[in-house]
Amino acid sequence: MWFDQEATRVRAGRTSNRGNPDDTILNWAPGAVSRLVLPALNIQPASQTETGDAERTAVTTGWRVQSDEGVDLDVTALDRIEWNSTVFEVQGEIARWPDPIAGGVHHVEFTIVRVTG
């Protein structure tokens, strides 16, 4: 497998909830987010589904993201990923596979999705 791709992790900032000042909510405003380039990735198509009704047809496209051996990624299930000029949502949890010999993280895997339509 080739690990020659990179993507950008976009993490929401936090802001006070006006209805409950003791609570915070995610803030996706451009000035509130943090960005981090994720190196040494292999990104491959994983799934595509269509759902439709009388009003529209929605297409959900999924991609599998895997890091190179020995590369841990600062990414969570709440983050978004920018790749190939498109913004994706992380779907599900992040899998950090342990290295059985050296310890630590062997590699990271997760799925990103985009819904259009």
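Keep in mind the model is a prediction, meaning the values are calculated, not measured.

A. Inspection of the overall build of the protein chain at higher detail. A tally of regular secondary structure across the protein chain gives 0 helices and 8 strands. Starting at the N terminus and ending at the C terminus, the protein chain contains elements arranged as β-β-β-β-β-β-β-β. Over its C-alpha atoms, taken along the principal directions, the protein chain stretches across nearly 50 × 45 × 25 Å. Expressed as a percentage of the 117 residues in the protein chain, the buried residues total 29%. Sequence-distant contacts, at least 24 apart, represent 56% of the contacts inside the protein chain between residues at least 6 apart.

B. Expanded view of the nonpolar core. Membership of the largest hydrophobic core comes to 16 residues, with the highest contact counts inside it found for I81, F110 and I112. Contributing elements (two or more residues each) for this core: β4 (34-52), β5 (57-67), β6 (80-83), β7 (86-98) and β8 (105-116). Setting aside its immediate chain neighbours within four residues, F110 contacts W63, R64, V65, L73, V75, I81, V90, E93 and I94.

C. Geometry of the environment of N84. By secondary structure assignment, the location of N84 is in the loop between β6 and β7. Placed 78 residues apart in sequence, N84 and E6 show a C-alpha to C-alpha distance of 9.3 Å.

D. Looking closely at the side chain of D79. Summarising the element assignment, D79 is placed in the loop between β5 and β6. Among the residues examined, D79 registers a relative accessible area of 2% and is labelled buried. Side-chain polar atoms of D79 contact the side chain of R11, separated by 2.9 Å. Among the polar contacts made by the side chain of D79, one reaches the main-chain amide nitrogen of T76 at a distance of 2.7 Å. Not counting residues within four places of it along the chain, the set of residues in contact with D79 comprises R9, V10, R11, W28, D74, E89 and V90.

E. Structural detail: the environment of H106. Within the secondary structure layout, H106 lies in strand β8. For H106, a relative accessible area of 24% corresponds to the partly exposed category. Each C-alpha atom, one on H106 and one on V65, is 14 Å from the other, the two residues being 41 residues apart in sequence. Non-local contacts of H106, meaning those with residues more than four positions away in its chain, are made with D68, E69, G70, V71, W97, P98 and D99. A distance of 2.9 Å separates polar atoms of two side chains, one belonging to H106 and the other to H107.

The rules behind the values
Once a new chain begins, its residue numbering starts again from 1 and follows that chain's sequence as written. With pLDDT at 70 or above as the cut-off, local features in this predicted model cover only qualifying residues; side-chain atom pairs require 80 or more to be listed or tallied, and sums for whole chains, interfaces and linings still use all residues. No hydrogens and no water enter the side-chain calculation; it runs on all heavy atoms of the structure. Where helices and strands are cited, they refer to DSSP runs of H or I of at least four residues and of E of at least two residues respectively, numbered from the N terminus. Note on classification: 1.4 Å probe, protein chains only; a residue is buried when its accessible area is under 20% of the maximum for its type, exposed when over 50%, partly exposed between these limits. Contact between two residues is taken to exist if any of their heavy atoms lie within 4.5 Å; hydrogens are not considered. Throughout this description, the term nonpolar core refers to a set of buried Ala, Val, Leu, Ile, Met, Phe, Trp, Tyr and Cys residues connected via side-chain atoms within 4.5 Å. In protein, a polar contact requires one atom able to donate a hydrogen and another able to accept it; more generally it is a pair of N or O atoms within 3.5 Å, and residues adjacent in sequence count only if both atoms are side-chain atoms.

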